[in-house]
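Residues per chain are reported as follows:
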Amino acid sequence: MTLRSALRKAPKSVALLIGPEGGFTDQELKLVCDAGATPVSLGPRILRTETAAVVTAALILYELENTSSY
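Owing to the predicted nature of the structure, the values given are computational and were not obtained by experimental measurement.

### Notes on the environment of I60
Alright, step 1. Tracing the backbone through its elements, the reader meets I60 in helix α3 (residues 49–67).
Alright, step 2. Among the residues examined, I60 registers a relative accessible area of 10% and is labelled buried.
Alright, step 3. It is 8.1 Å that separates the C-alpha atoms of I60 and R4, two residues lying 56 residues apart in sequence.
Alright, step 4. If we skip the residues at most four places from it in the chain, I60 touches L3, L7, V14 and L16.

This is the structure we're talking about:
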């Protein structure tokens, strides 16, 4: 699922989890999904950990501001 499509479902809250360079393990993903989270993708981009949080936070803010009229 893309970040945009997840945010357009009007979530009650958003938590941003940035994985390590190699990505999350299957066990880590299962734990997060079992807790009710929806994993999303930024597409084919591979971002450094240092920039991933900043870029994703900006995308979340942008999408939430643009979907508030739905």
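### Considering unusual backbone geometry
Alright, step 1. Not every positive phi belongs to a glycine, and A10 is a case in point at roughly 55°.
Alright, step 2. Judged by relative accessible area, A10 falls into the exposed class, the value being 61%.

Basis of the calculations
- Residues numbered from 1 in each chain as written.
- Predicted model: local features only at pLDDT ≥ 70, side-chain atom pairs only at ≥ 80, totals over all residues.
- Heavy atoms only, no water.
- Helix = DSSP H or I, 4+ residues; strand = E, 2+ residues; numbered from the N terminus.
- Buried < 20%, exposed > 50% of the residue type's maximum accessible area, 1.4 Å probe, protein only.
- Contact = heavy atoms within 4.5 Å.

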